[in-house]
Amino acid sequence: DGGITQSPKYLFRKEGQNVTLSCEQNLNHDAMYWYRQDPGQGLRLIYYSQIVNDFQKGDIAEGYSVSREKKESFPLTVTSAQKNPTAFYLCASRPRLWGLQQKKNYGYTFGSGTRLTVV
Amino acid sequence: AQSVTQLDSQVPVFEEAPVELRCNYSSSVSVYLFWYVQYPNQGLQLLLKYLSGSTLVKGINGFEAEFNKSQTSFHLRKPSVHISDTAEYFCAVYSSASKIIFGSGTRLSIRP
């Protein structure tokens, strides 16, 4: 079955350490997104990528970095510059928007998330 | 710029009672609206979406929502809830910059 796989499910980071969250999809989707979720704040966009080798900053990109070397993969690195990284991180994807399918493709498919905790 | 406001952070209801989760949006362009559900420690699952056409949209698990352009609302309803509906619900709007903007969420708790 096609879907989005996020790993690991739980991750612990020490102060000053960089960690990388994995997001892999086999849906042949073009666009991929990273969101951060904190209690009572909904989802905030960190980075997104619409095509391979291209990505844009979202609303809270500081302290994070991404790469999009393959269509299937969009890893997120939480750097030591991110002062409050403890949160639930969600990856999402959607198909390319074009032609008659464009409207149907507006919705996202989400992974099951990674919970990052600073220790 | 597009935005969504979910008016209630928490909604407690008794089992088998009806429920309405409120959502208001702000958009200056064509509106594409969504409701997602999130069960504990899981990702988001699409409940329903409004892209065009009929203003009453039916989704999964017996939920429906009504698009009201004059009131800029997209409230989610279910006539009879079950314990299994306990979750957090997010209203969202598609922005012109190829992104979906989410509301802050409403936590639905069902009392037996």
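Residues numbered from 1 in each chain as written. Chains lettered and ligands numbered in written order. Predicted model: local features only at pLDDT ≥ 70, side-chain atom pairs only at ≥ 80, totals over all residues. Heavy atoms only, no water.

Caption draft 1: Quick look at the overall build of chain A. Assigned secondary structure in chain A consists of zero helices and eleven strands. When the helices and strands of chain A are listed from N to C terminus, the series reads β-β-β-β-β-β-β-β-β-β-β. Based on the C-alpha atoms only, the size of chain A along its principal axes is roughly 50 × 25 × 25 Å. Per-residue burial over chain A gives 48% buried out of 119 residues. Counted over contacts in chain A with a minimum sequence separation of 6, partners at least 24 positions apart contribute 55%. Here chain A has roughly 6000 Å² of accessible surface; of this, 48% comes from carbon and sulfur atoms. Across chain A, the mean location of the 15 positive side-chain charges is 3 Å away from that of the 10 negative side-chain charges. (Helix = DSSP H or I, 4+ residues; strand = E, 2+ residues; numbered from the N terminus. Buried < 20%, exposed > 50% of the residue type's maximum accessible area, 1.4 Å probe, protein only. Contact = heavy atoms within 4.5 Å. Areas by Shrake-Rupley, 256 points an atom, 1.4 Å probe, with all protein chains shown as cover. Lys, Arg positive; Asp, Glu negative; His and termini not counted. Charge placed at Lys NZ, Arg CZ, Asp CG, Glu CD.)

Caption draft 2: Up close: the pattern of salt bridges. Residue and element names in this part refer to chain B. Evaluation of the coordinates by the stated rule reveals nine salt bridges over all chains. Between R22 and D8 there is a salt bridge, with its nearest N and O atoms 2.9 Å apart. One end of the pair, R22, is in the loop between β3 (19–21) and β4 (23–26); the other, D8, is in the loop between β1 (3–6) and β2 (10–14), with 14 residues separating them in the sequence. Ionic pairing is found between E20 and R77, a salt bridge with its closest N-O pair at 2.8 Å. One end of the pair, E20, is in strand β3; the other, R77, is in strand β9 (residues 73–78), with 57 residues separating them in the sequence. Residue classification places E20 among the partly exposed positions, given a relative accessible area of 35%. (Salt bridge = Lys/Arg side-chain N within 4 Å of Asp/Glu carboxyl O.)

Caption draft 3: The arrangement of the state of the cysteines in detail. Residues and elements named next belong to chain B. One pass over the structure, following the stated rule, counts two disulfides over all chains. A disulfide bridge connects C23 with C91, and the sulfur atoms are separated by 2.0 Å. Its torsion about the S-S bond being -65 degrees, the disulfide of C23 and C91 is classed as left-handed. Placement of C23 in strand β4 and of C91 in strand β10 (residues 87–94) is noted, with a sequence separation of 68 residues between them. Given a relative accessible area of 0%, C23 falls into the buried group. (Disulfide = S-S within 2.5 Å.)

Caption draft 4: Structural detail: the interface of chain B and chain A. Contacts between the two partners involve 21 residues from chain B and, on the opposite side, 25 residues from chain A. Carbon and sulfur atoms make up 55% of the surface buried where chain B meets chain A, a total of about 1800 Å² over both sides. Across the chain B-chain A interface, the total number found is six residue pairs in polar contact (both at pLDDT 80 or more). Only β5 (33–38), β6 (44–50), β10 and β11 (100–102) of chain B provide two or more residues apiece to the side of chain B that touches chain A. Residue classes in the side of chain B that touches chain A are distributed as ten nonpolar, eight polar and three charged. (Buried area = accessible area lost by both parts, 1.4 Å probe. Polar contact = N/O pair within 3.5 Å; in protein donor to acceptor, adjacent residues only side chain to side chain. Nonpolar A, V, L, I, M, F, W, Y, C, P; charged D, E, K, R; others polar.)

Caption draft 5: Spatial organisation of the nonpolar core. Ranked by size, the top nonpolar core spans 28 residues in total, and within it W35(B), L48(B), L76(B) and Y89(B) carry the most contacts. A total of four residues in this core trace back to one element, the largest contributor, which is β10(B). Setting aside residues no more than four positions away along its own chain, Y89(B) makes contact with Q6(B), L21(B), W35(B), Y36(B), V37(B), L47(B), F63(B), L76(B), G105(B), T106(B) and L108(B). One finds A31(A), Y106(A), Y94(B) and F102(B) within the second-largest nonpolar core, a separate group that totals 22 residues. (Core = buried A, V, L, I, M, F, W, Y, C linked by side-chain atoms within 4.5 Å.)

Caption draft 6: Representation of the confidence of the model for chain B in the model. Chain-level pLDDT for chain B is 92 on average; 97% of the residues reach the 70-or-more range. Here β11(B) is the element of chain B with the lowest mean pLDDT, 89, and β3(B) is the one with the highest, 98. (pLDDT = per-residue confidence, 0-100.)

Caption draft 7: Quick look at the sheet that holds strand β1 (residues 4–7) of chain A. Residues and elements named next belong to chain A. Taken together, the four strands give an open sheet; going across it, the order is β1-β3-β8-β7, and neighbouring strands pair in antiparallel fashion. Of all strands in the sheet, those bounded by a partner on one side alone are β1 and β7 (64–66). In this sheet, neighbouring strand axes are inclined to one another by 20 degrees on average, regardless of whether the strands run parallel or antiparallel. (Pairing = 2+ DSSP bridges. Axes fitted to C-alpha atoms, helices over the stretch in contact; angles between N-to-C directions.)

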